[in-house]
Amino acid sequence: MRELAPGLVLGTRYALVRLLGEGGTGAVWLAEDRERGEPVALKFLAPALTDVEAAVLRLVERLESLRALDVPGLLHPRGLERVEEFHVLASDYLLGGDLGQFRGRSFGHYAPALIEVAGTLDALHARGFVHRDLKCANVLLDGSGHAWLADPELVAPVGREVEGFSPWHASPQQWRGEPAHPADDRYAFGAMLYELACGHPPFYPELSRDKVLFEPAPPLAPRAPLPDRLRLLTLRLLAKDPERRPASMAEVQAELERVGAPELDAQLALDV
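Thresholds, definitions, all that
- Residues numbered from 1 in each chain as written.
- Predicted model: local features only at pLDDT ≥ 70, side-chain atom pairs only at ≥ 80, totals over all residues.
- Heavy atoms only, no water.
- Helix = DSSP H or I, 4+ residues; strand = E, 2+ residues; numbered from the N terminus.
- Rg over C-alpha atoms; globule rule 2.2 N^0.38 Å.
- Buried < 20%, exposed > 50% of the residue type's maximum accessible area, 1.4 Å probe, protein only.
- Areas by Shrake-Rupley, 256 points an atom, 1.4 Å probe, with all protein chains shown as cover.
- Lys, Arg positive; Asp, Glu negative; His and termini not counted.
- Charge placed at Lys NZ, Arg CZ, Asp CG, Glu CD.
- 1 Å grid on protein atoms, 1.4 Å probe; cavity = no way out; pocket = protein on both sides within 12 Å on 5 of 7 lines; lining within 4 Å.
- Points joined across faces, edges and corners; volume = space filled by probe spheres on them.
- Nonpolar A, V, L, I, M, F, W, Y, C, P; charged D, E, K, R; others polar.
- Axes fitted to C-alpha atoms, helices over the stretch in contact; angles between N-to-C directions.
- Parallel < 35°, antiparallel > 145°, perpendicular 65-115°, else oblique.
- Left-handed = near helix turned anticlockwise from the far one by under 90°.
- Contact = heavy atoms within 4.5 Å.
- pLDDT = per-residue confidence, 0-100.
- Pairing = 2+ DSSP bridges.
- Polar contact = N/O pair within 3.5 Å; in protein donor to acceptor, adjacent residues only side chain to side chain.
- Phe/Tyr/Trp six-rings, centres within 6.5 Å; stacked < 30°, edge-to-face > 60°.

### A closer look at the overall build of the protein
- Tallying secondary structure elements over the protein gives eight helices and 10 strands in all.
- Computed over its C-alpha atoms, the radius of gyration of the protein comes to 19 Å, within 12% of the 19 Å expected for a compact globule of 272 residues.
- Once the C-alpha set of the protein is aligned to its principal axes, its extents read approximately 55 × 45 × 35 Å.
- Out of the 272 residues belonging to the protein, those deemed buried represent 49%.
- Of the roughly 12900 Å² that the protein leaves accessible, carbon and sulfur atoms contribute 53%.
- With 29 positive and 40 negative side-chain charges, the protein shows a separation of 3 Å between the mean positions of the two kinds.

Listed below in structure tokens is the structure:
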């Protein structure tokens, strides 16, 4: 399989521009879509997701099922394509970057995006699905600053036994291989809050299965002032026992709105 590099042209349609990011499910490149005359985010799926025809068919069925659910704020790829030797997912290229750009900044900078993501996850859970790959790199912002939840390749129905996860944000239950549950996304949301506040996820840089399973999350050392209620919410979300986490993303969203209102007012005053 050829090495991906800037300038590489695949077929007659896609010309690679630069690498946007890499994860367990594949690498994402900014590319020029010559057929449509616009930039596109092109995800090259890892061989583990496409190594047999049955796996490809399952992925196509999953993506089509998710599109039919019509979850607000969930970014859908245009479809799975075979381009020469690669399986790729093409998605709209969003100009605002990902949530990671706000690491270490005050809560007012990223509160609106988190509130929107919480609502998207609540809608996804209400329809019986779990995202299972929530992290800063998978929360993308459009040109208006609205947040979109990307990378639905690992989304699974509640109760499904599944493999694969992003270790830095995976719940203890995912590490144990337990069936998918909305509480997994709530843990990952807490890990994302921790990362935004402290500049790195819990247990960085020495992550291990035993730490996730048995050790409490390290105390938060935020780089910017952090409201006490947000600190408490983060630790609740990171509870080992899923019963001790908030009961729903709707509850998390409501708490973020309560904390975020004065923070947003303060941030607007600073920006004026």
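Further notes follow.
### Description of empty space enclosed by the protein
- Scanning the entire structure with this criterion turns up one cavity of 30 Å³ or more.
- In this structure, the largest cavity encloses a volume near 40 Å³.
- Around the largest cavity, the lining residues are Arg-132, Asp-133, Leu-134, Phe-165, Ser-166, His-169, Ala-170, Gln-174 and Ala-188.
- The class makeup of the residues in the lining of the largest cavity is four nonpolar, three polar and two charged.

### Looking at the packing of helix α5 (residues 182-198) against helix α7 (residues 228-237)
- Direction vectors running N to C along α5 and α7 enclose 140°, while the axes themselves pass 7 Å from each other. Of the possible angle classes, the one that applies to α5 and α7 is oblique. At the point where α5 passes α7, the crossing takes the left-handed sense. From α5, Arg-186, Tyr-187, Phe-189, Gly-190, Leu-193 and Tyr-194 reach across to α7, where they touch Leu-230, Leu-233, Thr-234 and Leu-237.
- Residues of the contact of α5 with α7, tallied by class, amount to seven nonpolar, two polar and one charged.

### Some details on the confidence of the model for the protein
- Taken as a whole, the protein shows an average pLDDT of 91; of its residues, 95% reach a score of 70 or greater.
- Mean pLDDT across the secondary structure elements of the protein bottoms out at helix α1 (residues 47-50), with 75, and peaks at α5, with 98.

### What about the sheet that holds strand β5 (residues 80-83)?
- Strand order in the open sheet made by the six strands is β1-β2-β3-β4-β6-β5, with antiparallel pairing throughout. Looking at the sheet topology across the chains shown, the edges are occupied by β1 (9-10) and β5.
- Across eight bridges, the pairing between strand β3 (residues 26-33) and strand β4 (residues 38-45) is antiparallel. Along β4, the bridge assignment pairs Ala-31 with Val-40.
- Against the sheet, helix α2 (residues 53-69) engages β4, β5 and β6 (86-92), with an angle of about 140° to β5.

### A few points about the pairing of strand β2 (residues 14-23)
- Where β1 meets β2, two bridges bridge the pair, whose relative direction is antiparallel. When the bridges of β2 are listed, Val-9 appears paired with Ala-15.
- In this antiparallel pair of consecutive strands, β1 and β2, the connection spans three residues, and Gly-11 shows a positive phi of 60°.
- Here β2 runs beside β3; their pairing, made up of eight bridges, is antiparallel.

### Brief notes about the side chain of Lys-135
- As for its position among the elements, Lys-135 is in the loop between β7 (129-130) and β8 (139-141).
- At 3.2 Å, the side chain of Lys-135 and the side chain of Ser-166 are in polar contact.
- In this structure, Lys-135 is in contact with Gly-23, Ser-166, His-169 and Met-192, ignoring residues within four places of it in sequence.

### Quick look at the packing of aromatic side chains
- Scanning the entire structure with this criterion turns up four aromatic pairs.
- Measuring from centroid to centroid gives 5.4 Å for Phe-107 and Tyr-110, while their planes differ by 80°, and the two rings are edge-to-face. Linking Phe-107 with Tyr-110, this pair stays in helix α3 (residues 107-126), spanning three residues, or about one helical turn.
- Judged by its relative accessible area of 1%, Phe-107 is buried.
- Centroid distance Trp-168 to Tyr-204: 5.6 Å. Interplanar angle 50°. Geometry classified as tilted. You can see Trp-168 sitting in the loop between β10 (156-157) and α4 (172-175) and its partner Tyr-204 sitting in the loop between α5 and α6 (209-214), a full 36 residues away along the chain.

### Examining the pairing of β6
- Within β6, six of the seven residues are buried, which leaves it mostly tucked inside the rest of the structure.
- With five bridges connecting them, β4 and β6 associate as antiparallel partners. Bridging across to β6, Lys-43 finds its partner in Leu-89.
- Note that β5 and β6 share four bridges and pair antiparallel. Its bridge partner being in β6, Leu-80 is matched across the sheet by Leu-89.
- Connecting β5 to the antiparallel partner β6 that follows it, the hairpin turn spans two residues, and Glu-84 within it adopts a positive phi of roughly 55°.

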